[in-house]
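# Residue-level structure breakdown
Each chain, written out:
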Amino acid sequence: MQTGKLERMKLYKDPNVQVLLSKFLSGEISELKPAFNPGFGYRYAEVEAILGGPSKVEDFLDRLYEAKVIERRLYDKILYCPSCGSQNISTHYCCPYCKSFNIQKSSLVEHVKCGYMDVEENFRKGRKLICPKCHEELKKPNVDYRKAGIWCTCKDCGKSFDIPDTRHFCRECQAEFTFENVEIRDVYAYTLNEEVRSEITAGWIFVAPIKEFLIESGFEVEAPAFLKGKSGANHMFDIAAYRKEITKKVAVMDVAIAKEVVSEQPVIALFAKIYDVAPDSAILVAIPKLGDNAKKMADLYNIKVVEGKNVKGITNALKEKLFENS
Ligand SMILES: [Zn+2]
Ligand SMILES: [Zn+2]
Ligand SMILES: [Zn+2]
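Okay, the nonpolar core next. Counting residues in each nonpolar core, the largest one holds 34 residues, and the members touching the most others are Ile210, Ile239, Val252, Met253, Leu284 and Val285. Of all the secondary-structure elements, those providing two or more residues to this core are helix 5 (194–216), strand 17 (239–243), strand 18 (250–257), helix 6 (265–277), strand 19 (281–287), helix 7 (292–300) and helix 8 (311–321). Apart from the residues lying within four places of it in its own chain, the contact partners of Val285 are Phe206, Ile210, Met253, Val255, Ala256, Val306 and Ile314. Ranked by size, the runner-up nonpolar core spans 17 residues in total, among them Phe60, Leu64, Ile70 and Tyr190.

Below is the structure:
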């Protein structure tokens, strides 16, 4: 989980990732679907526009998927020509005897009353269906007659069969090939992982302006910050702030966002980290506010709480809390 978040934090700093995610966040893209272009195969136009071309699209989407920023669902399977690699492939249904794709597909019709069965063409007389055996007219489907299946006839060798062979034809290089030779790859449609939506909002909408405010107030800031604990483990905080003149004083901050009330969970997570890192002060920024139980817990753990609905409210509250005892 922590490594996943670390990888995501790195990705969020990539301007190309920011452009794509802002399209998801704004609703401009709800699902990223590929569009098929016969000459090129499947393409993600929105991502190509961001990256400036098709060559890095697959890598880009794979990285975001592996870091769980986006989720995917199987959208299609692409068939590749084994000779030239083109995705411009058609399917031929062929005669299993002579392999010709010049076949006639017909329905088998059974006259219920007399039991006679033949292909539909042999019943057809103008616009009517007449039984070739007893010469009665077939009027009501599923009463007078029923469709008894599919029957194919090869126009080249004249043989009949019910299940054709499936073969593929490359429209680019005219190669013909079968299932055994075809290359198949999965194609995906992507959506934003809902669990990282608040992580992104926290990172972009709140962490960036808080960082800016701290720098303007004379702090040195790292965001995200990786601090080594007594145990030797590295811990990530959304923000770490140092005073230039008092270099040993460090304040760490995590930003937690909830729709209405932030729960105990981010308090516990922050406590576990500061227990190991032992910073001079720890602040939890709760947007819009922290729950009552979580507040009691924060008090117990000596975690300062800053609440606010917006950036202005938070930076004002922060001013008072930062190093208030130093
Ligand atoms: Zn080909
Ligand atoms: Zn044939
Ligand atoms: Zn009949």
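So, on to the domain arrangement of the protein. Along its sequence, the protein is organised into domain 1 (2–84 + 183–191), domain 2 (96–163) and domain 3 (196–321). Distance between the C-alpha centres of domain 2 and domain 3: 76 Å.

The next point concerns the pairing of strand 5 (residues 103–111). As defined by bridge partners, strand 5 adjoins strand 9 (residues 145–154) across nine bridges and the pair is classed as antiparallel. Along strand 9, the bridge assignment pairs Ser107 with Ile150. With three bridges connecting them, strand 5 and strand 6 (residues 117–119) associate as antiparallel partners. Counterpart to Val109 in the pairing with strand 6 is Asp118. Hairpin connection between strand 5 and strand 6: a loop of five residues separates the two successive antiparallel strands, and Gly115 in this loop has a positive phi of roughly 80°.

Before going further, it helps to examine the sheet that holds strand 11 (residues 165–170). Overall, antiparallel pairing links the three strands, which are arranged 4-11-12 in an open sheet. Pairing within the sheet leaves two strands with one partner each, and these edge strands are strand 4 (89–94) and strand 12 (176–178). On average, each strand axis in the sheet is inclined to that of its neighbour by 35°, with strand direction left out of account.

A separate point is the packing of helix 5 against helix 8. Two elements in contact, helix 5 and helix 8, have axes separated by 10 Å at closest approach and are oriented at 40°. Between helix 5 and helix 8, the interaxial angle falls into the category oblique. Read as a crossing pair, helix 5 and helix 8 show a hand that is right-handed. Residues Phe206, Pro209, Ile210 and Phe213 of helix 5 form the contact with helix 8, whose participating residues are Val311, Ile314, Thr315 and Leu318. Class assignment for the residues of the contact of helix 5 with helix 8 results in seven nonpolar, one polar and no charged.

Right, let's talk about the sheet that holds strand 20 (residues 304–307) for a bit. Strands sit in the order 14-17-18-19-20 across an open sheet of five strands; the sheet is mixed. Strands with a single pairing partner mark the edges of an open sheet, and in this sheet they are strand 14 (219–222) and strand 20. Across the sheet, the mean angle separating the axes of adjacent strands is 25° when strand polarity is ignored. Looking at chain direction, strand 17 and strand 18 are connected through four bridges and run antiparallel. Following the sheet pairing, Ile239 is matched in strand 18 by Met253.

What counts and what doesn't
- Residues numbered from 1 in each chain as written.
- Chains lettered and ligands numbered in written order.
- Predicted model: local features only at pLDDT ≥ 70, side-chain atom pairs only at ≥ 80, totals over all residues.
- Core = buried A, V, L, I, M, F, W, Y, C linked by C-beta atoms within 7 Å.
- Buried ≥ 20, exposed ≤ 12 C-beta atoms within 10 Å, placed from the backbone.
- Helix = DSSP H or I, 4+ residues; strand = E, 2+ residues; numbered from the N terminus.
- Contact = placed C-beta atoms within 7 Å.
- Domains from an automatic or database assignment.
- Pairing = 2+ DSSP bridges.
- Axes fitted to C-alpha atoms, helices over the stretch in contact; angles between N-to-C directions.
- Parallel < 35°, antiparallel > 145°, perpendicular 65-115°, else oblique.
- Left-handed = near helix turned anticlockwise from the far one by under 90°.
- Nonpolar A, V, L, I, M, F, W, Y, C, P; charged D, E, K, R; others polar.

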